Amino acid sequence: MKVDLGCGAITWRGVPEDEVLGEISDAGYAGAPWSARDGRTADDIRALYQRHGLIAAPGYFGSNFWDADKRDEHVATARRYAEISQQLGMTEIYIADGGFNSTAPSGRTRREAVAHVRPEDALPDKEFDVMIETLQAVGEALLDKGVRACFHNHIGTFVETEDEIERLLGATDPEVLFLGPDTGHLAWAGVDVLEFARRHASRIKTMHLKDIDMAVRATGAAAGWDYRTFEDNAIWTEIDEGDVDFGALFGILDGAGFNGWLIVETDVTQLSSPRESATVSRENLRRFGI
């Protein structure tokens, strides 16, 4: 298994970007996900990262893909991101559904329903079908530039549960919409991370590494916590400090011939600083030869 190891910036909330990238570099990572905010070009992104001895890792495109009125806009954005990815030497990008604050037929938002989703919290069939069609079109637009759209599951969205993820994957072309799963969001949703990886190993082209405390997950699911309450009660841990079996996971990826980026993220750390969090996760991964 050949791995390029990156670190996401989400732990550094409100910290200047130059400082964030410097600390990611100091912690021993090769790169960080790129962002096209503020109209940045590929040259802008490359120069910024090179100042810190980093390279750009796969970026992220998240939106409400079930909105039929925005399909043309989504495809146009995919084409722009494909060009930037191509110019940066990236062959993958994460594609994620939205819906955090959207109200489901139940009257709840999906942020309120995390880990205790009911059938009435699901996206209606008509909108789900639009999402399938749009993600297929987005994937095709990206592939035109040699970039693979890797679907990224996320708790608190309309593609959270195992049934929702499998419905989407079963309805899209595996050679057009690939996978960039998130281990923490899978576990938080109640999905068996290892079984999911075995089932879809050939479709996984990149991955976010996250770890969680499953005891917190169980308590919060039973109590009906919302997203913020789970985080306030320390659902997130550093890599290999929680309950995701990364040794077994890496064995599955290795057996499938995985070759690509793994991105470490701890959304909210209980340690003294984001830098310490990133460093602990980096050191823990060395035990697996990564």
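Our structure is the block above this text.
Residues numbered from 1 in each chain as written. Predicted model: local features only at pLDDT ≥ 70, side-chain atom pairs only at ≥ 80, totals over all residues. Heavy atoms only, no water.

**Section: the pairing of strand β4 (residues 60–63)**
Then comes step 1: Here β4 shows a buried face lined by F61 and S63 and an unburied face lined by Y60 and G62.
Then comes step 2: Where β4 meets strand β5 (residues 92–97), four bridges bridge the pair, whose relative direction is parallel. Bridge pairing links G62 to A96 in β5.
Then comes step 3: Where the polypeptide runs from β4 across helix α3 (residues 71–87) and back to β5, its parallel neighbour, the crossover connection is right-handed. (Buried < 20%, exposed > 50% of the residue type's maximum accessible area, 1.4 Å probe, protein only. Helix = DSSP H or I, 4+ residues; strand = E, 2+ residues; numbered from the N terminus. Pairing = 2+ DSSP bridges. Right-handed = clockwise from strand over helix to strand, strands pointing away.)

**Some details on helix α7 (residues 193–200)**
Then comes step 1: Along α7, the residues classified as buried are V193, L194, F196, A197 and H200. Along the axis of α7, the buried positions cluster into a sector of 160°, meaning they face one direction only.
Then comes step 2: Buried residues along α7 sit against α5 (162–171), β7 (177–179), α6 (183–188) and α10 (246–255).
Then comes step 3: For α7, the capping residue at the N-terminal end is D192, with a side-chain oxygen 3.1 Å from the backbone nitrogen of L194. (Arc of directions from axis to C-beta. Contact = heavy atoms within 4.5 Å. Polar contact = N/O pair within 3.5 Å; in protein donor to acceptor, adjacent residues only side chain to side chain.)

**Quick look at the sheet that holds β5**
Then comes step 1: Taken in spatial order, the four strands make up an open sheet running β4-β5-β6-β7, and their pairing is parallel. The open sheet has two edge strands, β4 and β7, and neither has a second partner. Pairwise comparison of adjacent strand axes, ignoring direction, gives a mean angle of 40° for this sheet.
Then comes step 2: Helix-sheet contacts for helix α4 (residues 125–143) involve β4, β5, β6 (148–151) and β7, and the interaxial angle to β5 is about 165°. (Axes fitted to C-alpha atoms, helices over the stretch in contact; angles between N-to-C directions.)

**A word on the packing of α3 against α4**
Then comes step 1: At a minimum axis separation of 8 Å, α3 and α4 run at an interaxial angle of 30°. If you check the angle between α3 and α4, you find them roughly parallel. When the axes of α3 and α4 are compared, the crossing they make is right-handed. Between α3 and α4, the contacting residues are R71, H74, V75, A78, R79 and A82 on the first element and V130, E133, T134, A137, V138, A141 and L142 on the second. (Parallel < 35°, antiparallel > 145°, perpendicular 65-115°, else oblique. Left-handed = near helix turned anticlockwise from the far one by under 90°.)

**Points about the packing of α4 against α5**
Then comes step 1: Running from amino to carboxyl end, α4 crosses α5 at an angle of 50°, the nearest separation of the two axes being 10 Å. Considering the angle they form, α4 stands oblique to α5. For the crossing formed where α4 meets α5, the hand is right-handed. Residues D125, F128, D129, I132 and L135 of α4 touch α5, and the partners they reach there are E164, R167, L168 and A171.

**Describing the environment of D67**
Then comes step 1: Inspection of the secondary structure puts D67 in the loop between β4 and α3.
Then comes step 2: Residues D67 and F158, spaced 91 residues apart in sequence, show a C-alpha to C-alpha distance of 12 Å.
Then comes step 3: If near-sequence neighbours (up to four positions away) are discounted, D67 is found in contact with H74 and V130.

**Description of the nonpolar core**
Inside soluble globular proteins, nonpolar side chains tend to come together where they are buried.
Then comes step 1: Residues W34, Y49, I95, L142, W188, L209 and L262 are the most contacted members of the largest nonpolar core, which totals 89 residues.
Then comes step 2: Here this core takes seven residues from α4, the largest share from any one element.
Then comes step 3: Those residues in contact with W188, other than ones at most four positions away along the chain, are V114, A115, I155, I212, R217, Y227, F230, E231, I235 and W236. (Core = buried A, V, L, I, M, F, W, Y, C linked by side-chain atoms within 4.5 Å.)

**Brief notes about unusual backbone geometry**
Glycine aside, negative phi is the norm for most residues, and most peptide bonds take the trans geometry.
Then comes step 1: Of note in this structure, D38 is not a glycine but carries a positive phi near 60°.
Then comes step 2: Residue classification places D38 among the exposed residues on the basis of a relative accessible area of 72%.
Then comes step 3: Positive phi values are uncommon outside glycine, yet A234 reaches one of about 65°.
Then comes step 4: Topologically, A234 is positioned in the loop between α9 (227–232) and β10 (236–237).

**Description of the side chain of E92**
Then comes step 1: Mapped onto the elements, E92 comes out in strand β5.
Then comes step 2: Looking at E92, its side chain comes within polar contact range of the side chain of T91, at 2.9 Å.
Then comes step 3: A polar contact of 2.6 Å, which involves the side chain of E92, links it to the side chain of R148.
Then comes step 4: What E92 contacts, discounting residues up to four positions off in sequence, is P58, V147, R148, C150, K205 and T206.

**Observations concerning helix α2 (residues 42–50)**
Then comes step 1: Looking only at α2, the buried set comprises A42, I45, L48 and Y49. One side of α2 carries all its buried residues, which in axial view fall inside an arc of 130°. Looking at α2, the residues exposed on the side facing more than 90 degrees away from the buried face are D43 and Q50.

**Details of the pattern of salt bridges**
Side-chain pairing between opposite charges can occur once the charged atoms of the two side chains come close.
Then comes step 1: Summed over all chains, the structure comprises 25 salt bridges.
Then comes step 2: Note that D125 is salt-bridged to R167, the shortest N-O span being 3.3 Å. Within this pair, whereas D125 is found in helix α4, its partner R167 is found in helix α5, the two being separated by 42 residues in sequence.
Then comes step 3: Looking at R167, the relative accessible area reads 33%, which means it is partly exposed.
Then comes step 4: As a salt-bridge pair, R199 and E195 come within 3.8 Å of each other at their nearest N and O atoms. Residue R199 and its partner E195 are both found in helix α7; the two are separated by four residues, about one turn of the helix.
Then comes step 5: Residue classification places E195 among the partly exposed positions, given a relative accessible area of 34%. (Salt bridge = Lys/Arg side-chain N within 4 Å of Asp/Glu carboxyl O.)

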